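So the chains spell out like this:
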Amino acid sequence: MVVQPVKPDRMASWKKAKPGGSIGERRLVLVLACIIPLGSHFIRKALGPLKTAMLADPELNLDNTKFAMLLSATSLPNLLVPIFGGALLDMRGSRYGTLLFVLITLIGQICFTISAHFRVFSGLLASQILIGIGAGSTVVSQAAISSEYFQGTEIGFAIGIMESAHNLSNWMGQAIPAQVVAYFGGKFLAGLWAGVFCCFISLIAAIVYALVDSRCKKKDTGPCSQKSLFFESLSLPQVFFALALFHMLFSTAHQSFDNISANLLTVRFGDNAVKAGLLASIDNAMGLLMAPLMGQILDCFGRRLQFAMGMALLVMIGQLWLALAVTSNPLLPLILLGISNSSVPTILRSSVPLVVNPSGWGTAFGIFEAFEAMGTFSGNLAAGMLKDLTSSYVLVNLTFALFGLVCFLIALVMVNKGSEEARALAFPLDHSSGVCCADEAKMEQKNSLKSSPETRLKDRSSSKKGAHSMPESNGNGSSRREFNGVLAGVKQISSYGSFGSLEEGLPGH
């Protein structure tokens with residue numbers, strides 16, 4: 001009797017792939033991946049502290065409107081460019097794409113500093129656009145690297161460490177430039193050159209990563225790179241787009257609130273600028289510890305969507321607390337928001353490699369970055385308009401609370417839908433094999449279905465004989481391994497209850 005072959009499952013074949021590199025190489029890659037976007041994060045935050053010095057320069061002739069244009073120029077490319085940058089990573093690999101994006105960012109910052117030296121506003125604007133092109137895609141390449149080297153084992157913890165490094169880089173961009181300017185006698189160009197220095201460090205880290213990745217590939221210990229044609233990887237599951245929508249709404253509430261939090265605390269609670277700044281920094285401070293801790297929890301216990309629902313509830317509670325001014329002390333709602341804001345990026349980004357084929361990791365993270373830029377860009381405008389219309393932040397907080405409710409409903413729908421990808425997010429990771437526990441069990445079941453019924457009958461009869469007498473073991477223990485394999489076959493066959501369930505693999509059924 002001829003048995004039709006069972007078509008292999010495309011998704012299961014890549015989910016069982018082990019991460020690349022030895023333990024030492026993966027640790028080195030993790031350190032490098034944290035340093036690679038240092039320059040991008042630093043220069044994005046550095047302009048804010050330099051605003052006073054740049055506006056005070058009479059030769060530069062900047063006003064608030066022109067300065068706002070410089071800030072917006074880096075955000076506009078991120079609405080689309082990261083998607084193409086992610087597709088480039090899928091086609092050429094993270095090694096070359098990372099080098100390209102970091103180099104573009106460095107060139108953009110050098111051009112910005114030179115344009116500021118010669119007081120050319122058009123050069124400043126063009127340089128900011130170039131920085132936006134490189135910086136947004138650099139973040140995408142970092143996420144792609146983490147997926148390649150830590151998929152299936154420590155992806156949550158790795159991304160948590162990277163999010164912690166992200167918060168540290170943001171803090172450096174806010175704290176260091178002003179100190180550098182003060183040290184050099186108030187010259188803002190010194191702060192800009194500090195950004196060039198950080199971008200140069202990122203370039204060195206990208207070069208070292210390229211060498212490490214090349215060595216891993218040559219030793220055949222690197223991650224299995226499944227290169228795709230341009231945008232072939234756009235065949236993404238529905239669960240991914242639900243995660244991207246969650247990410248966009250949450251980023252809108254998170255990033256927009258960060259931009260107004262200090263002023264909100266001053267207006268609503270009467271805090272002075274120093275105290276408001278300290279309270280507003282709770283978010284980044286908590287992220288240094290909460291992000292890797294949440295990643296470790298996800299790797300050990302799974303339940304990613306359930307944790308996302310809990311964090312969405314914290315956003316709702318915190319924003320409602322601030323809107324209604326339940327207490328005169330905003331510390332507790334800010335702590336709730338800090339826990340949520342420092343945990344959700346780790347939850348969502350670590351979920352992408354579990355639901356997307358490796359050939360589409362770059363594109364998937366590019367879409368994530370574009371959705372975040374879209375939400376942040378529109379959220380900042382909407383928050384400003386609502387503040388001008390109502391002369392208070394109450395409606396702004398209520399809107400952010402509504403976003404938290406929508407995020408909760410999105411996660412709830414994904415849990416109840418029960419698709420294969422959504423179920424994969426509920427399981428912990430098997431650190432010993434590098435496989436999601438659910439995928440490992442599923443692959444064992446599918447392997448048993450691929451064998452013919454005649455083979456299973458032979459295995460069953462041989463297992464009955466072997467159950468009464470243990471075969472004699474030779475020197476290398478092969479008989480014992482065969483006996484254990486037979487016992488495993490008996491357990492798999494007995495799980496089907498009867499041979500009638502095996503008829504689905506026969507012709508005509």
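Treat the numbers as computed from the prediction; the structure is a model and nothing was measured.

1. So, a nonpolar patch on the surface
Now for step 1: On the surface, Leu76, Leu79, Leu80, Phe84, Met374, Phe377 and Leu381 cluster together to form a nonpolar patch covering roughly 610 Å² of accessible area.
Now for step 2: Structurally, the position occupied by Leu80 is in the loop between helix H4 (64-75) and helix H5 (81-92).

2. With respect to the nonpolar core
Now for step 1: By size, the foremost hydrophobic cluster in this structure holds 96 residues, and its most contacted members are Met54, Leu192, Phe240, Leu243, Phe246 and Val356.
Now for step 2: Residue contributions to this core peak at 14 residues, all from helix H9 (residues 188-218).
Now for step 3: Not counting residues within four places of it along the chain, the set of residues in contact with Phe246 comprises Ala308, Ala312, Val344, Leu348, Cys407, Phe408, Ile410 and Ala411.
Now for step 4: Formed by 15 residues, the second largest nonpolar core is a distinct cluster that contains Ala253, Phe269, Leu337 and Tyr393.

3. Thoughts on the side chain of Ser127
Now for step 1: Within the element layout of this structure, Ser127 appears in helix H7 (residues 121-150).
Now for step 2: Each residue touching Ser127, except ones within four places of it in the same chain, is listed here: Gly108, Cys111, Phe112 and Ser115.

4. Section: the confidence of the model for the protein
Parts of the prediction with low pLDDT should not have their coordinates interpreted in detail.
Now for step 1: Averaged over the protein, the pLDDT score is 75; the fraction of residues at 70 or greater is 74%.
Now for step 2: Here helix H1 (residues 10-15) stands out as the least confident element of the protein, with mean pLDDT 39; helix H6 (residues 94-117) is the most confident, with 92.
Now for step 3: In this model residues 1-18 is a low-confidence stretch, pLDDT under 50, and it forms 39 contacts with partners more than four residues away in sequence or in other chains.
Now for step 4: Below pLDDT 50 for its whole length, residues 462-509 participates in 37 contacts with residues either more than four positions away or in separate chains.

5. Let's talk about the pattern of salt bridges
Now for step 1: As enumerated under the stated definition, the model contains 8 salt bridges in all.
Now for step 2: Arg349 is the partner of Glu163 in a salt bridge, and the nearest nitrogen-oxygen pair spans 3.3 Å. Of this pair, Glu163 sits in helix H8 (residues 155-183) while Arg349 sits in helix H14 (residues 331-355), placing them 186 residues apart in sequence.
Now for step 3: When its relative accessible area of 12% is taken as the criterion, Glu163 is described as buried.
Now for step 4: Between Glu369 and Arg349 there is a salt bridge whose closest N-O contact spans 4.0 Å. Of this pair, Glu369 sits in helix H15 (residues 361-390) while Arg349 is found in helix H14, placing the two residues 20 residues apart along the sequence.

6. Some remarks on the environment of Cys407
Now for step 1: Assignment of secondary structure puts Cys407 in helix H16 (residues 394-417).
Now for step 2: The exposure class assigned to Cys407 is buried, which follows from its relative accessible area of 2%.
Now for step 3: For the pair Cys407 and Leu249, spaced 158 residues apart in sequence, the C-alpha separation works out to 7.0 Å.
Now for step 4: In contact with Cys407, not counting residues within four places along its chain, are Phe246, Leu249, Phe250 and Ala312.

7. So, the packing of helix H13 (residues 304-324) against H16
Now for step 1: At a closest axis distance of 8 Å, the pairing of H13 and H16 adopts a crossing angle of 165°. As judged from the angle between their axes, H13 and H16 are roughly antiparallel. Both H13 and H16 take part in a crossing whose hand is left-handed.

8. A few points about H15
Now for step 1: Over its 30 residues, H15 extends 43 Å from the first C-alpha to the last, a length consistent with the 44 Å expected when each residue adds 1.5 Å.
Now for step 2: Ser391 sits one or two residues past H15 and shows a positive phi near 60°.

9. Brief notes about the packing of aromatic side chains
Now for step 1: By the definition in use, this model includes 5 aromatic pairs.
Now for step 2: One aromatic cluster is present, built from ring pairs that chain together Phe240, Phe241 and Phe368.

10. Overview of empty space enclosed by the protein
Now for step 1: This structure, assessed with the given rule, holds 6 cavities of 30 Å³ or more.
Now for step 2: By volume, the second largest cavity is sized at about 70 Å³.
Now for step 3: Around the second largest cavity, the lining residues are Phe42, Ile43, Ala46, Leu47, Gln109, Phe112, Gln128, Ile131, Gly191, Leu192 and Gly195.
Now for step 4: Looking at the lining of the second largest cavity, the elements with two or more residues in it are helix H3 (38-56), H6, H7 and H9.
Now for step 5: The greatest single-element share of the lining of the second largest cavity, amounting to 4 residues, is contributed by H3.
Now for step 6: The residue makeup of the lining of the second largest cavity, split by class, is 7 nonpolar, 4 polar and no charged.

Cut-off values and rules
Residues numbered from 1 in each chain as written. Predicted model: local features only at pLDDT ≥ 70, side-chain atom pairs only at ≥ 80, totals over all residues. Heavy atoms only, no water. Patch = residues over 30% accessible without salt bridge, like charges linked within 9 Å, V, L, I, M, F, W, Y side chains within 5 Å. Areas by Shrake-Rupley, 256 points an atom, 1.4 Å probe, with all protein chains shown as cover. Salt bridge = Lys/Arg side-chain N within 4 Å of Asp/Glu carboxyl O. Helix = DSSP H or I, 4+ residues; strand = E, 2+ residues; numbered from the N terminus. Core = buried A, V, L, I, M, F, W, Y, C linked by side-chain atoms within 4.5 Å. Buried < 20%, exposed > 50% of the residue type's maximum accessible area, 1.4 Å probe, protein only. Contact = heavy atoms within 4.5 Å. pLDDT = per-residue confidence, 0-100. Axes fitted to C-alpha atoms, helices over the stretch in contact; angles between N-to-C directions. Parallel < 35°, antiparallel > 145°, perpendicular 65-115°, else oblique. Left-handed = near helix turned anticlockwise from the far one by under 90°. Expected span 1.5 Å × (residues − 1). Phe/Tyr/Trp six-rings, centres within 6.5 Å; stacked < 30°, edge-to-face > 60°. 1 Å grid on protein atoms, 1.4 Å probe; cavity = no way out; pocket = protein on both sides within 12 Å on 5 of 7 lines; lining within 4 Å. Points joined across faces, edges and corners; volume = space filled by probe spheres on them. Nonpolar A, V, L, I, M, F, W, Y, C, P; charged D, E, K, R; others polar.

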